[in-house]
Every structure is written in structure tokens, then in C-alpha cells.
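Architecture at a glance
Below are the chains, spelled out letter by letter.
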Amino acid sequence: MLLLGIDVGTSFIKVSAVDAATGTTVATGQYPDTEVPIDAPAPGWAEQSPDTWWANVQQAILTMTASYDFDAQDIRAIGIAYQMHGLVLVDENRKVLRPAIIWCDSRAVTYGEQAFATIGKQHCLSKLLNSPGNFTAAKLAWVKEHEPHIYKQIHYAMLPGDFIAMELTAEITTTSSALSEGIFWDFEKSDLSTEVLDYFGFDPQFIPPVRPVFSPHGYLKKEVADKLGLKAGIPVSYKAGDQPNNAFSLGVVNPGEVAAGAGTSGVIYGVSDKLVWDRESRINSFAHVNHNSEQTRIGVLMCINGAGSLNNWVHHTITPNTAYNRMNDAAARIAVGAEGLTVLPFGNGAERMLGNKLVGAHMHHLDFNRHTQDHVYRAVQEGIAFAFRYGLDIMRENGMQPSIIRAGRASLFLSPVFQEAFVSITRVPVALYDSDGSVGAALGAGLGAKIFASEQEAVGNRQPLMFIEPEKRDDYEDSYNRWLQLLNNRLEAGNDAAPVLAPEGIEPKETF
């Protein structure tokens, strides 16, 4: 018996077929071969076509079935992981009304800030666990004001995973986890936030029916099944945002467990059994995949928009003929600190942990006579690791004290330089797993279809590939302090930007 996982990423679609009995991956597919662009019709905007996502999902599945010797008719359930916080709008005929406004789009920041002030900081943080910020609800408010001709045609407002499930099944549903990431969910009432809906003037009918994360969200249409070589009528039995799904795939389901990812964005994601929130809303709290009325499981998320996206930009723009593994090897030839070259990695939209400010990416102290492309590779990876340290200190301030961080051995965590910089500056050991979003989605589908009896059976027995232990390194601390000073200088240079200081009172636990 096989399970199909679909990961709707920003850069491409990844699919995996997983053997339910052994948990092993029997086939994978990816489409397209080159990364899907993000459209930016105006500064700070970021859009993609949902119809393109769906076309790429189909092509990824067809690529997988054509490339591996297995029987796709053995697939018994489908799970979906998706890029978080996006806004997809469809009319009553299930036709897309406009391009999706995706996670790193910054146009709606002021709408969220105004809602935060008017609804009230205490109400938002205690009930929504976040400020409305730049999330899905605020993006819908932007559409309401600027595109009224679109707004009046809306039948449902969805997250990206809801849209892909709709195309597979013709049913439209959502989950409390999805609604919490869109800032539509009241955790005290365990229901839609009437305050958010009333403030923005949204019709509650825009919100699809709410179902548990692990449950059938529809059944595969015959015409889609026939096209893709799958069995008609199998359930789409799991939908989750990419970061909760990444944590689930790593077995991070219990309070105190922590995951990290360093793909397009950089994320640290921990699980709490309390309704926790950051007083400045610099990090976010959402319903984890296993949160329900019987158990509180809150995913506390720190996100850096510009992480792997910066490394990718360097790869494609500065050295397009250099493979990532060669970039990593070249970075390892340069000493810690990259001989003074320092990079701020904040070039992919407003950064939540910096107060929703558009800081931009910056390269400082470049010396034409000294620095080479190898120094750039090193400085980029260190700059991303330093941003992780900054965000982790905010999480520590909010009670998250990880003794170990789990991550998939993928993206930046393939680089020995990044691995070393990450553990040295955070002072937390890392366990690396063979894991990706599509595999997690497949395992989630098995749990949602009751093929697995428990979370433990689905993901609890996975073993790490390797451990990376930190060492006390003054050279990394010195480089981080220079990086932090440059960040403050940059923010102070803005017309309306207040300095962002290191989180107060946070000292990493000494374990050396």
C-alpha cells in the first residue's frame, strides 16, 4: 500500500510515493526543473498563478509515475503540504479570480497593523496568538479595497493547499490550522474570529467548511485519476502548511520538540502545549497539525523570508554556472568571518521578526582587492545562520529552550559551512534526517486515512542520519556581533525604522 505526498513549494512541486508498511520512499518527482519565478508587479509584491501550481502538480505526478517502476494504482491516500499564508480566490464556478498573493508579499502590512491597533493588542495576542500582520486576512482586506470588482465575485477564499485539494476532488474545505495561519481563528472560542471578520467586513461565507487536518477533505475525481494513472475515489486525507508539515515529518509533535528548515525561507518551529504568543508579535503561533479540542498543540514559528532564497539568488545571478555543492566547497576554503565581508539576508519582503520592516539584503565591507566569490558564498551562509540565531533568541525569550533541533538534510543543511555556523552560533546540536515536505505529506495522508493508528506509528520511529554538535567559538560570536551592529545601523538609517536590538535577557545555555 502506497501513500502520495504533494509539496506545493514556492520554487517547484515535489511529490513522493511512500510505502505505508515500511515508511520508505519508492518514487519521487519534481516539476519544473527550473525554479518557478515569483511575479512582482510592484515593489514588495509577490504573486504566483494557482493554475500554474495545479498544472505543475499534475506534471510532477506524471513525471514520477513515468520514471519509477511501481504501480500507481496502489496509492490509497493523498496528502498535501503547501506554502503558508497565501491567498487564493475562486468564484462560484471554482475559477481563479486573480493571481495568488503569496507568503512573502508585503502589500498588506498596513492593513494588519491597523487591525492590530483597532481590534486591540491584548485581544489579538490572547485570542489570535498573533497580530493580523501581513497574513491572509490582511491580504484579503487589500483586495477588498483595491480590487472591488474581484472582491464581489469571491465565492471562497482559500490557502494554497485548499486550492490543490479542490482541483483533485472538486470539494473545498479548510482546517483550523490553515485558518490560524491566515489569522482567522479564535483559539479561545475554537472557532472563526468574529472580531476579525467584523473588523474587515468579510462575509463568513467566504470561509470554506472546517475539517480536521487528519481527515478526508474530498475524494479523487475520476477524470483526474484517469489522467494521472491513479485510483479514483481515494481520499485527500491531510492538508498542512509547509512548516507544520516539515515539523510533523521530523516527528516534532510533542511539547518542547523543535524543527528547523532552511529552504526558500528559514524557519525554526517548536511545539508548545500552551497558548503562547510573543508580546511584540515578532514570532508567530499557529495551530499545529495535531492541535484539537482535546489537546493544545501550538506551533511557535520564527521565519526569515530571505534564507535559501538569498543563496539561490547568488547561485543564479552572481555565479550561474556554479553548482550548489561547489559553492559549499568554495565557502569552506574561507575562514570564519569571510575576512570582514558581512551579509544581511533580508531581501525577500517584510520581515516579521524585525517588526514587519522591509530591510532589504545588504553586503557590507566588500574589498575588491581581497574578496572573491568564495568569500561571498561564506558570508551569505554565515549571514543566514546569524539571522537564525537572532530569531532563536526571540524564541528563547518566549520560553522555547531547545536541547536539540531536528532538520531535514536538504537545502542549506547540506552545506558543512552552514551546519557549523548554525550550531556554533545557536549553541544547539542539530539532528539531520532524510526528510522532505512531500514525504511528510504522504505520512500525514496515512494518518488521516487511518492507515496509521497513531502519530507514533506514522512518524515516531524515524532515525537521524547524523548529529552535529556545537563547539564554543569566539570567532563566530565576534562575527555575529558585527552582523548585529550592521543590522541596527541599517534600521537606524531608515526614515521611520526604530533600531532592532538583540532580544533582552537572553543568554544561550552554556553546555561546554
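Across its full length, the chain carries 17 helices and 20 strands. A compact globule built from 512 residues would reach a C-alpha radius of gyration of about 24 Å, and the chain, at 22 Å, matches this within 12%. Along the three orthogonal principal directions, the C-alpha set of the chain runs to about 65 × 55 × 40 Å. Looking at the 512 residues of the chain, the share that counts as buried comes to 61%. Within the chain, contacts between residues separated by at least 24 positions form 75% of all contacts whose residues are at least 6 apart in sequence. Looking at the chain as shown, the accessible area adds up to about 19700 Å², and 47% of this sits on carbon and sulfur atoms. Here the chain carries 40 positive and 58 negative side-chain charges, and the mean point of each set is 1 Å from the other.

This paragraph deals with the pattern of salt bridges. Considering all chains together, one arrives at 25 salt bridges under this definition. Across the pair Arg107 and Asp105 runs a salt bridge, and its minimum N-O distance is 2.8 Å. Residue classification places Asp105 among the buried residues on the basis of a relative accessible area of 0%. The salt bridge partner of Glu397 is Arg282, with a shortest N-O separation of 3.1 Å. One end of the pair, Glu397, is in helix α13 (residues 373-397); the other, Arg282, is in the loop between β13 (266-272) and β14 (284-287), and 115 residues separate them in sequence.

Attention now goes to a nonpolar patch on the surface. On the surface, Met363, Leu366 and Phe368 cluster together into a nonpolar patch covering about 350 Å² of accessible area. Locating Phe368 in the fold gives a position in the loop between β17 (360-364) and α13.

Read from one edge of the open sheet, five strands run β3-β2-β1-β5-β11, paired in mixed fashion. Since the sheet does not close on itself, it has two edges, and those belong to β3 (25-31) and β11 (236-241), each with one partner. Averaged over all neighbouring strand pairs, the angle between strand axes comes to 15°, with direction disregarded. Looking at chain direction, strand β1 (residues 2-8) and strand β5 (residues 75-82) are connected through seven bridges and run parallel. Looking across to β5, one finds that Leu3 is bridged to Ala77. Contacts from helix α1 (residues 50-67) reach β1, β2 (13-19) and β3 within the one sheet, and its direction differs from that of β3 by about 140°. In the packing of helix α10 (residues 242-249) onto the sheet, the strands contacted are β5 and β11, and the crossing angle to β11 comes to about 110°.

The next point concerns the side chain of Arg406. If you trace the backbone, Arg406 turns up in strand β18 (residues 405-408). Of note is the side chain of Arg406, whose polar atom sits 3.4 Å from the side chain of Glu257. The contacts of Arg406, once residues within four sequence positions are left out, are Leu250, Gly251, Val252, Glu257, Val258, Ala259, Ala260, Ala431 and Tyr433.

This part is about the confidence of the model for the chain. Across the chain, pLDDT averages 93, with 96% of residues at or above 70. Under a pLDDT of 50 for its full length, residues 495-502 has, in the predicted model, 17 contacts with residues more than four places off or in other chains. A low-confidence stretch, residues 504-512 stays under pLDDT 50, and its non-local contacts, those more than four residues away or across chains, total 14 contacts.

Within the structure shown, the criterion is met by 18 aromatic pairs. Centroid distance Phe214 to Phe248: 5.5 Å. Interplanar angle 50°. Geometry classified as tilted. A residue pair is termed long-range when its members are at least 10 positions apart, and Phe214 in the loop between α8 (194-200) and α9 (222-228) and Phe248 in helix α10 qualify at 34 residues. Just as Phe214 is buried, Phe248 falls in that class too.

Bringing helix α14 (residues 416-426) into the picture now. In terms of burial, α14 is a largely internal element, nine of the eleven residues being buried. Residues Val417, Phe418, Gln419, Ala421, Phe422, Val423, Ser424, Ile425 and Thr426 constitute the buried set of α14. In the stretch just after α14, Arg427 is the one whose phi turns positive, near 60°.

What counts, and where the lines are drawn
- Residues numbered from 1 in each chain as written.
- Predicted model: local features only at pLDDT ≥ 70, side-chain atom pairs only at ≥ 80, totals over all residues.
- Heavy atoms only, no water.
- Helix = DSSP H or I, 4+ residues; strand = E, 2+ residues; numbered from the N terminus.
- Rg over C-alpha atoms; globule rule 2.2 N^0.38 Å.
- Buried < 20%, exposed > 50% of the residue type's maximum accessible area, 1.4 Å probe, protein only.
- Contact = heavy atoms within 4.5 Å.
- Areas by Shrake-Rupley, 256 points an atom, 1.4 Å probe, with all protein chains shown as cover.
- Lys, Arg positive; Asp, Glu negative; His and termini not counted.
- Charge placed at Lys NZ, Arg CZ, Asp CG, Glu CD.
- Salt bridge = Lys/Arg side-chain N within 4 Å of Asp/Glu carboxyl O.
- Patch = residues over 30% accessible without salt bridge, like charges linked within 9 Å, V, L, I, M, F, W, Y side chains within 5 Å.
- Pairing = 2+ DSSP bridges.
- Axes fitted to C-alpha atoms, helices over the stretch in contact; angles between N-to-C directions.
- Polar contact = N/O pair within 3.5 Å; in protein donor to acceptor, adjacent residues only side chain to side chain.
- pLDDT = per-residue confidence, 0-100.
- Phe/Tyr/Trp six-rings, centres within 6.5 Å; stacked < 30°, edge-to-face > 60°.

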